[in-house]
Amino acid sequence: MLAPAVIYVIALVAVPFFLAIALSLSEATVGNPAIQQFVGLDNFISVVHDAAFMFALRNSIIITVATLALLTILTILQVELLARDFPGKRLAQILLILPWAMPVALAAVGWLWLLDSEFSPIDWILRAVGLLGPGTVLGPANNLFYLGREWLGIGAVVIINVWRTLPLSTIIVLAGRTAIPNELFEQAELDGAGYFRILFQITLPALAILLTVAILFTVLVIFGDMTVVALTTRGGPGYTTEILPYWAYLKGIQGGALSQGAAIALFLFPVLLAVSILALRMAYRRQE
Amino acid sequence: MRTGQTLRMVGFYAALLLSCAFAIFPAAWMLITAFKRNADLYDPANNPFLFNLPPTLSHIGFLFTETNYPVFLWNSLFIGVVVVAITLVLAVPAAYSLARLMGHWGEHSSIAIFLVYLIPPTLLFIPLYEVVTLLGLANTVWSLILVYPTITVPFCTWLLLSFFRSIPREIEEAALTDGWSRIGVFFRVALPLAVPGITTCIVFAFALSLSDYIYAAVFVSSTASRTVSAGVPTELIRGDIYYWQALMAATAIVGLPLAVVYGLLFDWLVKGFQVELPRSPRA
């Protein structure tokens, strides 16, 4: 019963994984994809010397860490909201899960339009309340050009990532939250503990491990995904919002240097491995 | 005491409203855009949230009659359904047999299966591109049907594993001594208890296959085989020309109905992640 799944995974995950390593050590291109000439670590050395690579590495780390921080806070908030019963809860659930229901690529295009350099409704609101435009706090221009500036672009990618992963991390953590016995909260309330005291002394400790797992789980996906950047900033201006997965795609598929693309993608792996082992150890400690 | 409670209520609803607003703001903007006339949309002086000119259906008409959007929709749906089926066929038996394997071997294999999920598409798409080309599947929907289970099978196996584990052995053993076959026990005892987990798997497998962009963009370049995720941006963004209304309509048409379905299944999805099942009263 186990065999079909195992065979499938070996054929389409394990084998390609080792193929990726072999590719990164070879000279393969899209035109000549055969893995013949082994060049050792040459690909790794040459990709590291690329200015774009350094931007990509830096941004991948910054975006992942910033997303992690924001996601943690907002997940706790949403879990606290949805752990209660209130009128209209079903509607709230539908609205809150919406970002996750949209295919990422299409949602990213939606954000591209929301953050448009000329017609962004956010700019319009800022102009309407007098924060944007000539002679205001946010500068003389009529627009903020969210995707055309280094740090605004990185910030935009972080917000989009948080927006689209929040429903999933909320669901995972909510599963743990509803498993905490109600007596615990009732007892604490009888003892006169306030809301924040209960949150920090009962809820969060009980959720700590699941919260970590849920967040790592979603963050790993973000670290390895290129969709948002590919469709919004495209790594620009220059390479200032480039990230590793997208750079691997540009170099390996668009640029035709399969071997170098594979080398860039492999830089992801040590991080992913370390973080996943950490997440798993926690998950299993929780199960015991 | 009274004011404390009122304050709490106000805080609760304020937080809820802000959360919902953050979640739906982009979608609301998409929905408004989809019905706007060009002259209304491309005037920075207009209030973007109002219809300064009467709304129009012409962009949605354009989307369905003059683009390949219906083809993309069909491809996505077809791929999603087949991937869900393949995922269940592979993951359910795998999870069940792993859950019933005692000792270290069972546990280590489940760790291994989860690690597989954590290998991201970014690491695999270059070699898989070669595999797909080698098999002659490039530019067909089958290339995607072949590779999407690499994402869904490990995840679903891992999820279902904890479900089957939490089903007490005694229930199954009692059924076995009553003369049921192993297969009968699996179908009539274990499967019904794992329904929340299986529901979550179905939703996940479908959502993941619908959402994928990287494989869809790399493996398929012919329009006829494209999915919504890869097809819509390439078809409706032509160089510097963005068909914004049609793009937004294309997104909303997929996203809104799915949000309603997933939203109504919300409690099931939460249950799907619950490792500890409530003990069956008949146990």
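Note that the coordinates shown come from a computational prediction; the quantities given were computed from them, not determined experimentally.

Chemist: Before we go on, may I ask you to explain the side chain of S209(B) in this structure?
Modeler: All names here are of chain B. Looking at the element boundaries, S209 is found in helix α11 (residues 195-211). Judged by relative accessible area, which is 5%, S209 ranks as buried. A polar contact is formed between the side chain of S209 and the backbone oxygen of F206, at a distance of 3.1 Å. The contacts of S209, once residues within four sequence positions are left out, are G80, V83 and Y148.

Chemist: What exactly am I supposed to notice about unusual backbone geometry here?
Modeler: Among all residues save glycine, negative phi is the norm, and among peptide bonds the norm is trans. Positive phi, normally seen in glycine, also occurs at N139(B), with a value near 70°. When you line up the elements, N139(B) lands in the loop between α6 (121-134) and α7 (141-147).

Chemist: What is the right way to read the packing of helix α3 (residues 58-65) of chain B against helix α14 (residues 244-264) of chain B from this model?
Modeler: Geometry of a packed helix pair, given as the angle between the helix axes and the separation of the axes. Residues and elements named next belong to chain B. Where α3 contacts α14, the axes come no closer than 9 Å and their chain directions differ by 75°. Judged on the interaxial angle alone, α14 and α3 are roughly perpendicular. Residue-level contacts link H59, I60, F62, L63 and F64 of α3 to Q245, A246, A249, A250 and I253 of α14. Split by residue class, the contact of α3 with α14 holds 8 nonpolar, 2 polar and no charged.

Chemist: Is there a simple way to explain the environment of T152(B) in this structure?
Modeler: All names here are of chain B. Within the element layout of this structure, T152 appears in helix α8 (residues 149-166). Classification of T152 as buried rests on a relative accessible area of 1%. Separated by 94 residues in the primary sequence, T152 and A246 place their C-alpha atoms 31 Å from one another. Other than its neighbours up to four places away in sequence, T152 contacts V83, T87, A205 and L208. Of the polar contacts made by the side chain of T152, one reaches the side chain of T87; its length is 2.8 Å.

Chemist: Just to check I follow, could you spell out α14(B) for this structure?
Modeler: Given 3.6 residues per helical turn, the α-helix brings residues three or four places apart onto the same face. Residues and elements named next belong to chain B. If you check α14, its first and last C-alpha atoms are 30 Å apart, about what 21 residues at 1.5 Å a residue would give, namely 30 Å. Along α14, the helix axis deviates most sharply at A252, where the bend reaches about 25°. Counted residue by residue, α14 has 15 buried out of 21 residues, so it is predominantly covered.

Chemist: Honestly, the interface of chain B and chain A in this entry has me stumped. Any pointers?
Modeler: By a widespread convention, an interface's size corresponds to the accessible area lost as its parts come together. Tallying the contact residues gives 96 residues for chain B and 93 residues for chain A. Connecting chain B to chain A are 0 salt bridges. Of the residues contributing to the side of chain B that touches chain A, the split by class is 74 nonpolar, 15 polar and 7 charged.

Chemist: Explanation requested: the confidence of the model for chain B in the structure shown.
Modeler: Caution applies to low-pLDDT regions: their predicted coordinates should not be interpreted in detail. Averaged over chain B, the pLDDT score is 83; the fraction of residues at 70 or greater is 92%. Low pLDDT, under 50, characterises residues 276-283 of chain B; the predicted model gives this stretch 9 contacts beyond four residues in sequence or across chains.

About the cut-offs
- Counting starts from 1 at the beginning of each chain's written sequence and moves along it residue by residue.
- A letter from A marks each chain and a number from 1 marks each ligand, given out in the order of writing.
- Totals for whole chains, interfaces and linings use every residue, but because this is a predicted model, local features are given only for residues with pLDDT of at least 70 and side-chain atom pairs only at 80 or more, for both listing and counting.
- Computation of side-chain values: all heavy atoms of the structure, hydrogens and water removed.
- Labels follow the DSSP assignment, with helices taken as runs of H or I lasting at least four residues and strands as runs of E lasting at least two, numbered in each case from the N terminus.
- Summary of the burial criterion: residues with accessible area below 20% of their type's maximum are buried, those above 50% are exposed, and those between are partly exposed, where the area comes from a 1.4 Å probe applied to protein chains only.
- Pairing of N or O atoms within 3.5 Å defines a polar contact, subject to two protein rules: one partner must be a possible hydrogen donor and the other a possible acceptor, and residues neighboring in sequence count only if both atoms are side-chain atoms.
- Note on contacts: a residue pair is in contact if any heavy atoms of the two residues lie within 4.5 Å.
- Axes here mean lines fitted to C-alpha atoms, for a helix over just the part in contact, with angles spanning 0 to 180 degrees between N-to-C directions.
- Angle categories are assigned with fixed cut-offs, so that under 35 degrees is roughly parallel, over 145 is roughly antiparallel, 65 to 115 is roughly perpendicular, and the rest are oblique.
- Residue polarity is assigned by list, with Asp, Glu, Lys and Arg as charged and Ala, Val, Leu, Ile, Met, Phe, Trp, Tyr, Cys and Pro as nonpolar; anything else, Gly included, falls into the polar class.
- Multiply 1.5 Å by the residue count of a helix minus one, and that product is the helix's expected span.
- In this analysis the local bend is the angle between axes fitted, respectively, to the seven residues ending at and the seven residues starting at the residue.
- The term salt bridge refers to a pairing of a side-chain nitrogen on Lys or Arg with a carboxyl oxygen on Asp or Glu at a separation within 4 Å.
- Each residue gets a pLDDT score, which is the predictor's confidence in that residue and runs from 0 to 100.

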